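Chains, contacts and geometry: an overview
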Amino acid sequence: MNKQTRKAVIAGNWKMNKTPSETTALINEMKPLVADADCDVVLCVPFIDIAAAVEAAKGSNIKIGAENVHFKESGAYTGEVSAAMLVEAGVEYVVIGHSERRTYFGETDQTVNLRTLAALKAGLKPIVCVGETLEQRELGYTETLLKFQTKMALTNVSAEDMKNVIIAYEPVWAIGTGVTATDDQADEGNGFVRAAIEEKYGKDVAKATTVQYGGSMNAKNAEGLVSKYNVDGGLIGGASLKAEDFSIIVKAASK
Ligand code: 13P
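These lines cover the structure that appears in this document, whether it is placed above or below. Nothing here was measured: the structure is a model prediction, and the numbers come from that model.

Conventions adopted
- Residues numbered from 1 in each chain as written.
- Predicted model: local features only at pLDDT ≥ 70, side-chain atom pairs only at ≥ 80, totals over all residues.
- Heavy atoms only, no water.
- Helix = DSSP H or I, 4+ residues; strand = E, 2+ residues; numbered from the N terminus.
- Rg over C-alpha atoms; globule rule 2.2 N^0.38 Å.
- Buried < 20%, exposed > 50% of the residue type's maximum accessible area, 1.4 Å probe, protein only.
- Contact = heavy atoms within 4.5 Å.
- Areas by Shrake-Rupley, 256 points an atom, 1.4 Å probe, with all protein chains shown as cover.
- Lys, Arg positive; Asp, Glu negative; His and termini not counted.
- Charge placed at Lys NZ, Arg CZ, Asp CG, Glu CD.
- Pairing = 2+ DSSP bridges.
- Right-handed = clockwise from strand over helix to strand, strands pointing away.
- Arc of directions from axis to C-beta.
- Near = heavy atom within 4 Å.
- Polar contact = N/O pair within 3.5 Å; in protein donor to acceptor, adjacent residues only side chain to side chain.
- Nonpolar A, V, L, I, M, F, W, Y, C, P; charged D, E, K, R; others polar.
- Core = buried A, V, L, I, M, F, W, Y, C linked by side-chain atoms within 4.5 Å.

**Notes on the overall build of the protein**
Across its full length, the protein holds 11 helices and eight strands. Compactness check: the protein gives a C-alpha radius of gyration of 17 Å against a globular reference of 18 Å for 255 residues, within 12% of the reference. By principal-axis analysis of the C-alpha atoms, the protein measures approximately 45 × 45 × 35 Å. Looking at the protein as a whole, 52% of its 255 residues qualify as buried. Look at the contacts in the protein between residues 6 or more apart in sequence, and 73% of them connect residues 24 or more apart. Accessible surface computed for the protein: about 11,400 Å², of which carbon and sulfur atoms make up 53%. Positive and negative charge centroids in the protein, built from 27 and 33 side chains respectively, lie 3 Å apart.

Have a look at this one:
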């Protein structure tokens, strides 16, 4: 597999699911099932669940992520959470620019970039989401859009910092719909992201950067998707809420 140069990362994105007590129970169920993983295993959970998640994951190979981060270091930003707060809470990864945040919460390419810079500065590993809508795909804009979103998100990010950046290609039409991109569509979309990284940073950085696929990835289709050259693991929504399904995806990425 391509994983000779890039380690696969399987990350769950729990979205707005699970209370703290449910978090403890689900992570305790997952721990033994993913203990032998030969890929990185991350669970990105709601802010309120972070303390329970970090505690439950202690001593295991599961790393904890957040689902968003604010771009300012501190100040009058009611309801927001800073990168330093996440680091102190034991968070290592953070999802940035998910299409749900772009659609429902006014996230723009510029705020995605600012959040990415804030996360990197604090030592977090951003999982930056990019992806086209069905309309954009049908109009033939997929490559242009993915390259644009990728480059915008990485404005002022140094080649050195790219070691800590993960990009997740998540076609909007595949998120939560049960419609998964085919293995080839995922490979192509991830390839456009990698090409944008190469245009910005050169071949070596492009080759070394983890690019995940996300969008209705599940226990049945994961193996085909992660077998593709450009697909270095996945960002998993619904299937990351079920311990067994998630562990099957982790196993598929460990082969
Ligand atoms: P689903 O796996 O539920 O389609 O969600 C994908 C996603 O949005 C992960 O960030």
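Read on for the rest.
**Here we look at the pairing of strand 2 (residues 40-44)**
A large share of strand 2 lies buried, amounting to four of its five residues. As paired strands, strand 1 (residues 9-13) and strand 2 are joined by five bridges and run parallel to one another. The partner of N13 across the bridge, within strand 2, is C44. You can see the chain leave strand 1, run along helix 1 (residues 20-34) and come back into strand 2, and the turn it takes is right-handed. In the sheet, strand 2 pairs with strand 3 (residues 62-66) via four bridges, with the strands oriented parallel. Each residue of the ladder has a partner; that of V42, found in strand 3, is K63. Regarding the hand of the β-α-β motif, the stretch spanning strand 2, helix 2 (residues 50-57) and strand 3 is right-handed.

**Points about helix 2**
Listed in full, the buried residues belonging to helix 2 are I50, A52, A53, A56 and A57. Mapping the buried residues of helix 2 onto a view down its axis gives an arc of 165°, with all of them on the same face. The secondary structure elements touched by the buried residues of helix 2 are helix 1, strand 3 and helix 3 (83-88).

**Quick notes on the site of the ligand**
Taken together, N13, K15, H98, E170, A174, I175, G176, G215, S216, L235, G237 and G238 are the residues near the ligand. Contacts to the ligand include G237, whose backbone N or O atom sits 2.9 Å from an oxygen atom. In the complex, the protein chains occlude 94% of the 300 Å² of accessible area that the ligand would expose alone. Residues that form the shell around the ligand fall into these classes: three nonpolar, seven polar and two charged.

**Looking at the nonpolar core**
Residues I27, L43, I62, L86, I197 and Y213 are the most contacted members of the largest nonpolar core, which totals 64 residues. The dominant element in this core, judged by the number of residues it contributes, is helix 11 (residues 243-254), at six residues. Other than its neighbours up to four places away in sequence, Y213 contacts Y169, P171, A174, T180, A181, A186, N190, L225, V231, G233, G234 and L235. Counting 11 residues, the second-largest nonpolar core is a separate cluster that includes A11, C44, V95 and I166.

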